[in-house]
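Structure assessment
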Amino acid sequence: MSLGLRKIQQPYILAYILAGVMLGPHGFQVFTDEESADVAGEIGLIILMFFIGMEISIKNFIKNWKIAFLGAGCQVLFSVLLMYGLGIFFDWTFERVLLFGFGTSLSSSAVVIRLINQYKLEKHKLGQDITFILLTQDVLVAPMIIVMSLASGKGVDYTEVLWQIFGAIVLLIIIVDLLKRDRKSIKALSFLNEDHELQVFASLIICFGLALFTSLCGLSPSLGAFVAGLTMYNSNASSWLHKTLSPFRIIFVSIFFISVGMMIDIHFLTQHWQTILVLVLAVFISNHLINSTTLRILKNSNIHSLYGGSLLAQIGEFSFVLASLGVQNNIINSESYQYIIITISITIFISSIWVSLFKKIYEIRFS
């Protein structure tokens, strides 16, 4: 399946989702233990956030904060405002408006980065702006999860809030300490420079240790893993570890998307295909316009902004996480959840086609 998708230049994510559909309870029922798949998928997300952290220089990120936070901030703001308008019409709760607004503001890093490489935009201003926006979106996922949890109406547990504040302070201290250091200056890890085997275990201990710490504090485990990745970026072993642990990441991230596929009900898709088609078109058009406006604010030309909007028009993989959180907190029901995960999957699937059509229409050429 993956080879077939590679032939037509589609992301492997789709193969994992389709595999989950076929093997899950709504397909051939080879695997029906969705709880175990969810646990493995959560591990995959922790690993993914750890790797994202290992690729980010905090100093460079802060240096380009205007691009990162203005770009991603405008996306989130416009998306939430759009959903607020729809929410008034459909009589949505505030929590549902936030869920849909946050979810549609996230693009797929896996898809967009591949398209940027495919069209050789890495050194172009547009490609660099989009990359910083994607990185910021990944960073914003953890705060979005926290906001959604607090907005779910479970009531305020002051002990839990104090633990969350404590956890946030510890993470902030770590980040501030990293800002003061030059890269590869973590002396505590220097004794592992020549021992690659111990480097692997040490990095995983740091990753899952901080993930466990943030989880115990009532924060997202993914946030702890991300900060662990930022820490490893400042070590001598970061480049070697990134290459060595990549297969480990691929396995668990693929399991996450397989677990998503296991929840897709094909019978639901065939019954409601007209509504889903409308949702997919609405997402692409609205996201395209929102992201084009954002890129124009970042001083890209009109034509480049429109092209960049097509690259960012799909909904990203982290929106699956927000959708799951919405179900757990009773913000949406199972029917709405089906609509969301099917719509996300289809937008990822046709993203390359959308970009190709837009590129041909405007006959864009980059020097």
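The rules behind each value
Residues numbered from 1 in each chain as written. Predicted model: local features only at pLDDT ≥ 70, side-chain atom pairs only at ≥ 80, totals over all residues. Heavy atoms only, no water. Phe/Tyr/Trp six-rings, centres within 6.5 Å; stacked < 30°, edge-to-face > 60°. Buried < 20%, exposed > 50% of the residue type's maximum accessible area, 1.4 Å probe, protein only. Helix = DSSP H or I, 4+ residues; strand = E, 2+ residues; numbered from the N terminus. Lys, Arg positive; Asp, Glu negative; His and termini not counted. Salt bridge = Lys/Arg side-chain N within 4 Å of Asp/Glu carboxyl O. Contact = heavy atoms within 4.5 Å.

1. Describing the packing of aromatic side chains
- The tally for this structure, following the rule as stated, stands at seven aromatic pairs.
- With a centroid separation of 5.0 Å and an interplanar angle of 90°, the aromatic rings of Phe89 and Phe90 are classed as edge-to-face.
- For Phe90, a relative accessible area of 47% translates into the label partly exposed.
- Their ring planes at 75° and their centres at 4.9 Å tell us that Phe268 and Tyr339 sit as a pair that is edge-to-face. A residue pair is termed long-range when its members are at least 10 positions apart, and Phe268 in helix 13 (residues 266-271) and Tyr339 in helix 17 (residues 334-362) qualify at 71 residues.
- Note on Phe268: relative accessible area 10%, which makes it buried.
- Put simply, the rings of Phe89, Phe90, Trp92 and Phe100 pair up and form one aromatic cluster.

2. A short note on the side chain of Arg96
- By the element assignment, Arg96 lies in helix 6 (residues 94-105).
- We note that Arg96 is buried and unpaired, the nearest opposite charge coming from Glu95 at a distance of 8.2 Å.
- Sequence-distant contacts of Arg96, that is, excluding residues within four places in its chain, are made with Ile331, Ile332, Asn333 and Ser336.

3. Section: the pattern of salt bridges
- By the definition in use, this model includes one salt bridge.
- Linking Asp129 and Lys125 is a salt bridge whose minimum nitrogen-to-oxygen distance equals 2.6 Å. Linking Asp129 with Lys125, this pair stays in helix 8 (residues 125-150), spanning four residues, or about one helical turn.
- In this structure Asp129 comes out as buried when scored by relative accessible area, which is 3%.

4. Description of unusual backbone geometry
- One non-glycine residue, Asp91, lies in the positive phi region at around 60°.
- Relative to the assigned elements, Asp91 resides in the loop between helix 5 (65-90) and helix 6.
- Positioned with a positive phi, Asn330 is a non-glycine residue whose angle comes to about 60°.
- With respect to the helices and strands, the residue Asn330 is situated in the loop between helix 16 (318-328) and helix 17.
- With a relative accessible area of 69%, Asn330 lands in the exposed category.

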